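Structural characterization, general
For reference, the chains in residue letters:
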Amino acid sequence: MWLSVKELELRRVPFDETFEPGAIDFSGENLDQVTPLRATGSAEMLAHSGGEIRVKGQYTVEIGSQCDRCLGRASFPLTASFDLYYRPMAEIAREEEVEIDEGEAEIGFYEGGGMQLEDILREQVLLALPMQRVCAETCKGICPVCGRNRNEGECGCSVSAVDDRWGALRNLTN
Ligand SMILES: [Zn+2]
Ligand SMILES: [Zn+2]
């Protein structure tokens, strides 16, 4: 869905969109979209802001990826809201003195006649996913000795070969 600046200059634009898997490209991130992505909200141009656009709403989707530990399937049901501000890129060129401080980290920029809602949602989904993508917090991962998925059973390999992360976790809880 194209959020047109021309239209936003005239009115607030509500959206209630469903994006089937494939409509938003997650393939480059080794992710796949498991369910349709539903997004509702609105976009509006703020008065006397020099073209600043606020995009506010929420979305629901389930994203799948490979588990970082066992290489099996990991899935992430996401439900999140967003409240974002975008300034026209041209504004920056005009005001070269603009300082972007920490408090403005939430502000993005747009170029040309508007923004693609799909791009905004894609970015939000990537931000919402955890850094470590695991199928379950308790995932035991793959045995570094024999390569067996430890979630499927003990392989009986030497304990000394066990990934050190578990030792580190035990130390934290002690
Ligand atoms: Zn796993
Ligand atoms: Zn093993």
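Source: prediction; values computed, not measured.

What about the overall build of the protein?
Broken down by element type, the protein carries four helices and eight strands. Mapped in sequence order, the helices and strands of the protein form the string β-α-β-β-β-β-β-α-β-β-α-α. In the protein, which comprises 174 residues, the proportion classed as buried is 33%. By sequence separation, contacts in the protein at least 24 residues apart represent 58% of the contacts at least 6 residues apart. Counting only carbon and sulfur atoms, one obtains 50% of the accessible surface of the protein, whose full area is about 10900 Å².

Structural notes on the coordination of the zinc ion (ligand 1)
The protein atoms that coordinate the zinc ion (ligand 1) are Cys67 (SG), Cys70 (SG), Cys135 (SG) and Cys139 (SG), at distances of 2.3 Å. Bound by four donor atoms, the zinc ion (ligand 1) shows angles of 105 to 114° at the metal and therefore tetrahedral coordination geometry. One chain supplies every donor to the zinc ion (ligand 1), and in sequence these donors are spaced C-x2-C-x64-C-x3-C. Placement of Cys70 in the loop between strand 5 (53-66) and strand 6 (73-88) and of Cys139 in the loop between helix 3 (117-128) and helix 4 (165-173) is noted, with a sequence separation of 69 residues between them. Accessibility expressed as a relative area gives 2% for Cys139, which makes it buried.

Digging into the coordination of the zinc ion (ligand 2)
On the protein side, the zinc ion (ligand 2) has Cys143 (SG), Cys146 (SG), Cys155 (SG) and Cys157 (SG) as donor atoms, found 2.2 to 2.3 Å from it. What the four donor atoms of the zinc ion (ligand 2) show is an angle range of 107 to 115° at the metal, which sorts the shape as tetrahedral. The motif formed by the donor residues of the zinc ion (ligand 2), counted along the single chain, is C-x2-C-x8-C-x1-C. Here Cys143 is found in the loop between helix 3 and helix 4, whereas its partner Cys157 is found in the loop between helix 3 and helix 4, with 14 residues between them in sequence. A relative accessible area of 3% means that Cys143 is categorised as buried. Cys157 sits in the partly exposed class, given a relative accessible area of 26%.

Notes on the nonpolar core
In terms of nonpolar packing, the biggest core is built from 34 residues, with Leu37, Val55, Tyr59, Ile63, Leu78, Leu121 and Val125 touching the most fellow members. At six residues, strand 6 tops the list of elements feeding residues into this core.

Quick look at the environment of Thr79
Structurally, the position occupied by Thr79 is in strand 6. Placed 46 residues apart in sequence, Thr79 and Val125 show a C-alpha to C-alpha distance of 9.4 Å. With residues near it in sequence (within four places) discarded, Thr79 still touches Tyr59 and Thr60.

Notes on unusual backbone geometry
Look at His48: it is not a glycine, yet its phi comes out positive at around 50°. In this fold, His48 is placed in the loop between strand 4 (37-45) and strand 5. Since its relative accessible area comes to 86%, His48 is described here as exposed. Of note in this structure, Leu71 is not a glycine but carries a positive phi near 65°. Relative to the assigned elements, Leu71 resides in the loop between strand 5 and strand 6.

Rules used in this analysis
- Residues numbered from 1 in each chain as written.
- Chains lettered and ligands numbered in written order.
- Predicted model: local features only at pLDDT ≥ 70, side-chain atom pairs only at ≥ 80, totals over all residues.
- Heavy atoms only, no water.
- Helix = DSSP H or I, 4+ residues; strand = E, 2+ residues; numbered from the N terminus.
- Buried < 20%, exposed > 50% of the residue type's maximum accessible area, 1.4 Å probe, protein only.
- Contact = heavy atoms within 4.5 Å.
- Areas by Shrake-Rupley, 256 points an atom, 1.4 Å probe, with all protein chains shown as cover.
- Donors = N, O, S within 2.8 Å, 3.2 Å for Na, K, Ca; no water.
- Tetrahedral: all angles 85-135°; square planar, octahedral: opposite > 155°, others 65-115°.
- Core = buried A, V, L, I, M, F, W, Y, C linked by side-chain atoms within 4.5 Å.

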